[in-house]
Structure formats: structure tokens, C-alpha cells
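# Breakdown of the fold
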Amino acid sequence: MVVTGIFMGKLCYGLEIYGSAIKGQLKQLQQLQQRAARMVTKNPKTISNEETLQQCGWLDIESLIKQRTLNLGYNVRLNKNVPYLEKYVGRGRKALGD
């Protein structure tokens, strides 16, 4: 619980910044997340990283970035209180007249 609260909390808070990072930096973040997951589960290195993350209930870095991006787009579309971002968010079929 401590690792999830501290590590994943800070990671999710900064995803908007990390989302524009280069692949090498994202790979380093992924390695840190995998180390944290191994600390939580106490799995040996013979267990795959995907299984270790799944045991923790965590998404990998790339999936977290995609989730946060979708969430931001949904909130912009739903609330419409960020007018400068609305032009970047799709409108859907009803708005197109289909």
C-alpha cells in the first residue's frame, strides 16, 4: 500500500509531463515501475514483468499515458471548460450529422 500510494501516486500525477517524454525516458520510467512492482510482490526475476504488474493491479507506463489522455479528452468534451483544447477533441457521429 505504501509503494502504491507513494510511487504510483507521483507517477500518475506527472503523467501529463511524462507523456511527451522520449522513448528512452519512458523506458526508464517503465523499469522503475517494474522494480517497484517486484518490491511489492516479492516475485523473483523469473516471473514476467507483465504478470508482476498484473498482480499489483497496475497498468504499464504506455497504457497509463493512453488512459490519462483519453480521460482528459473525455473531460474536455464533457465539461467544455477548456475551449482551446476543444478543437483537438473529436466530436463523434451525432455532431457530424450521421
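As a starting point, this report considers the structure included with it. Going along each chain's sequence as written, the residues are numbered from 1 onward. Per-residue local features are limited, in this predicted model, to residues with pLDDT of at least 70; the limit for side-chain atom pairs, both in listing and counting, is 80 or more; totals at the level of whole chains, interfaces and linings are taken over all residues. Side-chain figures throughout are based on the complete set of non-hydrogen atoms in the structure, without hydrogens or water.

### Focus: the layout of surface pockets
Volume-wise, the largest pocket comes out at about 160 Å³. Only protein atoms enter the 1 Å grid used here, on which a cavity is any set of points holding a 1.4 Å probe that cannot leave and a pocket is any open set flanked by protein within 12 Å on both sides along at least five of seven lines; residues with an atom within 4 Å of a point are listed as lining. Contributing to the lining of the largest pocket are Lys23, Leu26, Lys27, Gln30, Asp60, Ile61, Glu62 and Ile65. Where the lining of the largest pocket is concerned, the elements lending two or more residues are helix H3 (23-41) and helix H5 (61-79). Numbered from the N terminus, helices here are DSSP runs of H or I no shorter than four residues, and strands are runs of E no shorter than two. Looking at which element gives the most residues to the lining of the largest pocket, the answer is H3, with 4 residues. Grid points are joined across faces, edges and corners, and a volume is the space filled by probe spheres set on the points.

### Re the packing of H3 against helix H4 (residues 49-56)
Each axis is a line fitted through C-alpha atoms, taken for helices only over the stretch in contact, and angles between the N-to-C directions span 0 to 180 degrees. At a closest axis distance of 9 Å, the pairing of H3 and H4 adopts a crossing angle of 60 degrees. Between H3 and H4 the crossing geometry is left-handed. Counted together, Gln30, Gln33, Gln34, Ala37, Arg38, Val40 and Thr41 of H3 and Asn49, Thr52, Leu53, Gln55 and Cys56 of H4 form the full contact between these two elements. Note on residue categories: nonpolar means Ala, Val, Leu, Ile, Met, Phe, Trp, Tyr, Cys or Pro, charged means Asp, Glu, Lys or Arg, and polar means any other residue, Gly included. Among the residues forming the contact of H3 with H4, the class breakdown is 4 nonpolar, 7 polar and 1 charged. Handedness of a helix crossing follows the sense of rotation of the near helix relative to the far helix, less than a right angle counterclockwise being left-handed and clockwise being right-handed. In this analysis, two residues are considered to be in contact whenever any of their non-hydrogen atoms come within 4.5 Å of each other.

### Considering unusual backbone geometry
Keep in mind that most residues, glycine aside, have a negative phi and that most peptide bonds are trans. The backbone of lysine 42 shows a phi angle near 60 degrees, a positive value even though the residue is not glycine. Mapped onto the elements of the fold, lysine 42 is located in the loop between H3 and H4.

### So, the pattern of salt bridges
Salt bridge, as used here: a side-chain nitrogen of Lys or Arg that lies within 4 Å of a carboxyl oxygen of Asp or Glu. Counting across every chain of the model gives 1 salt bridge. As a salt-bridge pair, glutamate 62 and lysine 66 come within 3.2 Å of each other at their nearest N and O atoms. With a gap of 4 residues between them, glutamate 62 and lysine 66 both fall in helix H5, about one helical turn apart.

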